[in-house]
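Overview (structure and organization)
So the chains spell out like this:
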Amino acid sequence: MPDSPASAPASPAPASPAPAAGPSALGRLADLPVLLVAVVWGSSYLAAKGVTTADTVPAVLVLRFAVVLPVLVVVGWRRLRALSGPQWRGAGVLGLILAGIFLLETYGVVHTSATNAGLIISLTMVFTPLAESRVRGVRLPGAFMAAGLSVLGVALLTQGAGFTAPSGGDLLMLGAAVARTVHVLAMARMDSVRGADALSLTTVQLGSAVAVFAVLVALPGAGAPPWAAAADFDGGDWLGLVYLSVFCTLFAFFVQMWAVRRTSPSRVSLLLGTEPVWAAAVGIALAGDRPGWLGFVGAVLVLLGTGWGRTVADRDKGPKSAQTTRTPRRHTPETSGTPGR
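Figured I'd write up the structure that's included with this text. (Residues numbered from 1 in each chain as written. Predicted model: local features only at pLDDT ≥ 70, side-chain atom pairs only at ≥ 80, totals over all residues. Heavy atoms only, no water.)

All right, on to the overall build of the protein chain then. Helix and strand counts for the protein chain come out as 14 helices and zero strands. By residue count, 50% of the 341 residues in the protein chain fall in the buried class. If you take every contact in the protein chain between residues at least 6 apart in sequence, the share linking residues at least 24 apart comes to 92%. (Helix = DSSP H or I, 4+ residues; strand = E, 2+ residues; numbered from the N terminus. Buried < 20%, exposed > 50% of the residue type's maximum accessible area, 1.4 Å probe, protein only. Contact = heavy atoms within 4.5 Å.)

Time to look at the packing of helix H4 (residues 85–111) against helix H9 (residues 198–218). Interaxial distance between H4 and H9 falls to 7 Å at its minimum, and their mutual angle equals 50 degrees. In terms of axis orientation, H4 runs oblique to H9. H9 is crossed by H4, and the crossing has right-handed handedness. Of the residues in H9, those in contact with Gln87, Trp88, Ala91, Gly92, Leu94, Gly95, Leu96, Leu98, Ala99, Phe102 and Leu103 of H4 are Leu201, Val204, Gln205, Leu206, Ser208, Ala209, Val212, Phe213 and Leu216. Here the contact of H4 with H9 is built from residues that sort into 15 nonpolar, five polar and no charged. (Axes fitted to C-alpha atoms, helices over the stretch in contact; angles between N-to-C directions. Parallel < 35°, antiparallel > 145°, perpendicular 65-115°, else oblique. Left-handed = near helix turned anticlockwise from the far one by under 90°. Nonpolar A, V, L, I, M, F, W, Y, C, P; charged D, E, K, R; others polar.)

On to the environment of isoleucine 120, then. Along the chain, the position of isoleucine 120 falls in helix H5 (residues 114–121). Spatially, the C-alpha atom of isoleucine 120 lies 6.1 Å from that of methionine 173, the residues being 53 residues apart in sequence. Dropping the residues within four chain positions of it, isoleucine 120 is found in contact with Asp170, Met173, Leu174 and Ala177.

Here we come to the packing of aromatic side chains. Applying the stated criterion across every chain, the model contains four aromatic pairs. The interplanar angle of 70 degrees and the centroid separation of 4.8 Å between the aromatic rings of phenylalanine 65 and phenylalanine 102 together place this pair among those described as edge-to-face. Of the two residues, phenylalanine 65 sits in helix H2 (residues 57–75) while phenylalanine 102 sits in helix H4, which places them 37 residues apart along the sequence. Both residues of the pair, phenylalanine 65 and phenylalanine 102, belong to the buried class. Ring geometry for phenylalanine 233 versus tryptophan 238: centroids 5.3 Å apart, planes at 80 degrees, classification edge-to-face. The exposure class of phenylalanine 233 is buried, given its relative accessible area of 14%. Each residue in the set Phe65, Phe102 and Phe213 is aromatic and connected to the rest through ring pairs, giving one cluster. (Phe/Tyr/Trp six-rings, centres within 6.5 Å; stacked < 30°, edge-to-face > 60°.)

With that settled, consider the nonpolar core. Ranked by internal contacts, the top residues of the largest apolar core, which has 34 residues, are Val34 and Leu272. Listed by contribution, the elements that provide at least two residues to this core are helix H1 (18–51), H2, H5, helix H8 (168–189), helix H10 (226–231), helix H11 (235–260) and helix H12 (265–272). Ranked by the residues each element gives to this core, the list is headed by H1, at nine residues. Not counting chain neighbours up to four residues away, the residues in contact with leucine 272 comprise Val34, Val37, Ala38, Trp41 and Gln256. Among the nonpolar cores identified, the runner-up in size contains 22 residues, and Leu98, Leu103, Ala209 and Phe213 belong to it. (Core = buried A, V, L, I, M, F, W, Y, C linked by side-chain atoms within 4.5 Å.)

Written as C-alpha cells, this is what we have:
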C-alpha cells in the first residue's frame, strides 16, 4: 500500500516540467484500484442479498465489521493511540455518517431490486460534483456534464429489467446516495482529521459505526441478534459475509482513502460510477440476466462519461496543483480516509 500523506517524506520543489505531469500521473495511478472497487461493489448486491434479510440487517452489519475491526485495531494500535482528541471526535462524527450509509444501503438492497439499487446509488456521482461546486461557490465543472452522461447510461443499462414505481427500498437507496456524498465531502473539508493517520481514522470510524449497529441490535423489535443470525448461516453465507467484509469494506476503504487525497472527490465518484456496469456483468454471468441492446448501449455511455470526467478532473486540478508545488504533499491531504460501502 502506498505511503499515506502523513508518513511520506518531504521533498524539494520539483523541476519546472513536473507540475504539468504530476496530477495526470497520480490520477492514472489512482484509476485502476478505484475501478477495481467499482467491480467489487458491482458484485456486492448479490452477496448482500444472499446473506441479509429484513430481520437481520443490524446483526449482519455487526458480523460484517467484527471480521475486520479487530485486525485494524491490532495492526494500527500505536498510531491509533497517537490520535489527538479533535481527531478522535472528528472520526467519530464521520463514523456516525458511515453508519447511516450502511444502514440505508443494506435496508435498501433488501427492499428493492439490485437493478434499482445500482441505478439509484449511482446518483452519488451527480450529487458529489454538484455539492462540491456549491460548497466552494464556483460554477458547475465539466465533470458534472460527464456525470449526467453516465446517469443516462445507467438508465439505459437498467431499462432491460424494466422500471417500477418507487418503493421504500428505492427511497432508502436515494438517501444512501445523499449520505455517501455528504461523507466524501466531509472527509475532504473537516480540519480536525487533516494530516492524521488514515488507518487510525478508518478504525475509529468503523468502531463508531459498529457501536451504532450494536445499539440498534439491542433495541426491542430490531430483529435477530448477531449470534442467532450467524447460527443460521451455511458455508455459502459465511463466504458471502467474508467477501463483504474483506473486499467490499476493508479493501474499498483503503483504496478510497488513497485515491481521494491524490485526485478529487468528483474524480473518485465518477470512477465509482461504473459500478452499475459491473453489477450488470455479474448479473449476466451469475444470475442469467439479459439487459438487451439498450443495456449494452448504456454500459458504453457510462464508460464514456467516466472517461470524460477523468479528463476534466485532470484539467481542472492541474493548474491548482501547479500553484502549490512547493508545499509538501503530506501537509495538504484532501482527506485522511474515506470509507465507502
